[in-house]
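# Commentary on secondary and tertiary structure
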Amino acid sequence: MLPALILFAFFVWEPLLESVRLSMYHAKGVQLLDFAWFENYADVFRHPDFWPAIRNTFLYIFWSLILGFWIPIIIASLLTEVVHFKGLFRTGIYFPNIVPGISGVMLWGFMFRPGKTGVLNILLGHLGIDPQLWLTNPHLTIPLIVLTMTWKAAGSTALVYMAGISSINPELYEAASIDGAKPFQRFLHITLPGILSLGKMLLILQIISVFQILYEPLVMTNGGPNNASISIMQLVYKYAFEDFNYPMAAALSVLICLILGVLTMVYFRVTKKADD
Amino acid sequence: MFFKKYRKKTEGAIRFYDLHSPGTRFATVLIFLAAVVFLVIALFPMFWVAVSGFKDIQELRLTTSILPKSFDINSYVKTWNDFKFGKYYLNSFISVAGGVVCALLFNGTIAYVLAILKPRGHKVVFALVMWSLLIPPTTGIVALFVNIKRIGLTGSFLPLWLSMGANAFWVVLFKQFFEGLPREYFEAAQLDGCSDWRMFWNIVLPLSKPILMVVAIFAVTAAWSDFLLPYLVLSGSGKETVMVRLFNFRTAIKHTDVDLIRAIVFSVIPPTIIFAIFQKQITQGIAAGGIKG
């Protein structure tokens, strides 16, 4: 067990403490120079990209609540009612999940190509709709990136919900039908409440993961157009691995960690109240 | 016929006896069609990439047809050779193989200790491990990279292998499984004076094939798809993995869009094969684990 503990320490716990230490120093490359108090934090707040990145990150979360949270529930509810080709549907909707992250976003880059030969524009063309700008339209950038993430993740989340639905006691449905409840009423009053607690758990996990969104804007738009899609994690990436300003990147990481800590605590509070 | 199969349905809201109403019949057909639409959305992008890899650059840029004019495998072979994908595949395989060994060995042993041996303080350790489930993995990446750089492990596969050995989710999967094993075996083995290590190798591991399989599959796909740490650690060392190479297409100029499309296909082939072979274990593992792998 000791070696495994050392690994956890090296890869998970120590970096967290090291981030805090690093964020309070001036540094040249990886060499620490002198103690800087909170100067790096001040730099983070003063940086012109900081507030757009914060705003965007919350926009990502907002859209992922609208699209990413509901779509798996809808898929799971519908697929549960399907009896033909069950295995094919399950395997098929899970497939995007095994596409590696970078490949997936590059793939959607082609889908969203503006101009007549972009894949989605070709498809729209068959329906007689004019070519769209897609990602280069600053109002659509974030929702489309969220859609890409949803494409990738929805299948596996839907499988979790489907497992949840099949563990609901079938007698509940029988009893409801005897009382004259229509299928849709049974869905509203038995299926949905049955996956409520699962949904709460997946919701917080989703917020935590969307908060750290990095590859998608990095690869698809590089934060553009004009900072319309830059995320906080992307800012960390930029400070650390493009500007080599590790302390500033560490300071921002610590801030992200704090925000996520607060969100997690709020979540535990809320669910506790709801359970009482 | 279409509705006959609903006789055996025991999950979800609609049951066979609901189908006497035409509205419900209509709804089930609609639901089936919706499922087909979801399936097409899930599969179409990969289908498009796979067939577009056969196009040449003129065809990709100028025509609006989905299917290529001809299916000539040589276009794929050319990109494979031009960009030396054989080398990157080899690098990725090395990184994946070591990662899987570490994932099984380290996460397995810590779970074994926590679930079966339970020495003093095991609760504290488990709490710490559970906490790392909540710690967002990317927030420590800067400090982790700085540490790796300080001890001079950049350009080596070692940090990538070892990083697979510290995954709290896999520890939890192992622990749950070990706790479900019959305790009598371990008590008997301890009475016979079996050492902790021998008990792990000779009793626990042979009983744990299903969970070893699940974690190994997860570890293979995770190690293959992992990007940020390999990118930071391996860039410029000649040991770049397929994912790192793919990302570098973003900035490199000496390629065309069709090369990139084929590179995407290359990066997706190995996980697809794994998935095709082990789809049952994967989908069941997801459902049982309750968390995305």
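Residues numbered from 1 in each chain as written. Chains lettered and ligands numbered in written order. Predicted model: local features only at pLDDT ≥ 70, side-chain atom pairs only at ≥ 80, totals over all residues.

### With respect to the overall build of chain B
When its secondary structure is counted, chain B shows 14 helices and zero strands. Secondary structure of chain B in N-to-C order comes out as α-α-α-α-α-α-α-α-α-α-α-α-α-α. Against the compact-globule benchmark of 19 Å for 293 residues, chain B has a radius of gyration of 25 Å, which places it well outside the compact range. When the backbone C-alpha atoms are referred to their principal axes, chain B occupies close to 75 × 70 × 35 Å. A buried classification covers 40% of the 293 residues belonging to chain B. (Helix = DSSP H or I, 4+ residues; strand = E, 2+ residues; numbered from the N terminus. Rg over C-alpha atoms; globule rule 2.2 N^0.38 Å. Buried ≥ 20, exposed ≤ 12 C-beta atoms within 10 Å, placed from the backbone.)

### Remarks on the overall build of chain A
Of the regular secondary structure elements, chain A holds 14 helices and two strands. A burial count over chain A gives 44% of its 276 residues as buried. A separation of at least 24 residues holds for 66% of the contacts in chain A among residues at least 6 apart in sequence. (Contact = placed C-beta atoms within 7 Å.)

### Quick look at the environment of S237 of chain B
Assignment of secondary structure puts S237 of chain B in the loop between α12 (228-234) and α13 (242-248). S237 of chain B sits 82 residues away from G155 of chain B along the chain, and the two C-alpha atoms are 5.2 Å apart.

### A few points about the nonpolar core
As a rule of thumb, nonpolar side chains are buried together in soluble globular proteins. The biggest cluster of nonpolar side chains holds 149 residues, and the ones touching the most others in it are V236 and L252 of chain A together with V142, V215 and I264 of chain B. Excluding its chain neighbours within four sequence positions, the residues that come into contact with I264 of chain B are S103, M106 and L107 of chain A together with V49 and L246 of chain B. (Core = buried A, V, L, I, M, F, W, Y, C linked by C-beta atoms within 7 Å.)

### What to know about the interface of chain A and chain B
Taken together, the contact between chain A and chain B spans 80 residues of the former and 77 residues of the latter. At 12 residues, helix α1 (residues 2-23) of chain A tops the list of elements feeding residues into the side of chain A that touches chain B. For the side of chain A that touches chain B, a count of residues per class yields 57 nonpolar, 18 polar and five charged. (Nonpolar A, V, L, I, M, F, W, Y, C, P; charged D, E, K, R; others polar.)

### A closer look at the domain arrangement of chain B
When cut into domains, chain B gives domain 1 (1-45) and domain 2 (85-289). A separation of 39 Å is found between the C-alpha centroids of domain 1 of chain B and domain 2 of chain B. (Domains from an automatic or database assignment.)

### Concerning the environment of L255 of chain A
Along the chain, L255 of chain A falls in helix α14 (residues 246-275). Considering only alpha carbons, one finds L255 of chain A and I232 of chain A, 23 residues apart in sequence, at a separation of 9.9 Å.

### A short note on the packing of helix α3 (residues 50-68) of chain A against helix α11 (residues 196-211) of chain A
All names here are of chain A. The interhelical angle for the contact between α3 and α11, taken along N-to-C directions, is 140 degrees, at an axis separation of 9 Å. With respect to each other, α3 and α11 are oriented oblique. Between α3 and α11 lies a crossing of right-handed hand. Contacts between α3 and α11 involve T57, Y60, I61, S64 and G68 from the former and Q206, I207, V210 and F211 from the latter. (Axes fitted to C-alpha atoms, helices over the stretch in contact; angles between N-to-C directions. Parallel < 35°, antiparallel > 145°, perpendicular 65-115°, else oblique. Left-handed = near helix turned anticlockwise from the far one by under 90°.)

### Overview of the environment of F247 of chain B
Inspection of the secondary structure puts F247 of chain B in helix α13. Separated by 14 residues in the primary sequence, F247 of chain B and I261 of chain B have C-alpha atoms spaced 12 Å apart.

### Thoughts on unusual backbone geometry
Most peptide bonds take the trans form, and the phi angle of most residues other than glycine is negative. Even without glycine at this site, F85 of chain A takes up a positive phi of about 50 degrees. With respect to the helices and strands, the residue F85 of chain A is situated in the loop between α4 (70-80) and α5 (86-98). Phi at K118 of chain B takes a positive value of approximately 45 degrees, unusual for a residue other than glycine. Counting through the fold element by element, K118 of chain B comes out in the loop between α4 (85-117) and α5 (122-134).

### Examining the confidence of the model for chain B
Residue and element names in this part refer to chain B. Confidence along chain B averages 83 in pLDDT terms, with 96% of residues attaining 70 or more. α4 holds the highest mean pLDDT among the elements of chain B, 89, whereas helix α2 (residues 57-62) holds the lowest, 76. Among the prediction metrics, the complex's ipTM stands at 0.83, with pTM recorded as 0.83. (pLDDT = per-residue confidence, 0-100.)

### Digging into the confidence of the model for chain A
Fine structural detail should not be taken from predicted coordinates in areas where pLDDT scores are low. Per-residue pLDDT for chain A averages 82, and the proportion of residues at 70 or more is 94%. Taken element by element, the predicted model of chain A shows its lowest mean pLDDT in strand β2 (residues 31-35) of chain A (68) and its highest in α4 of chain A (91).

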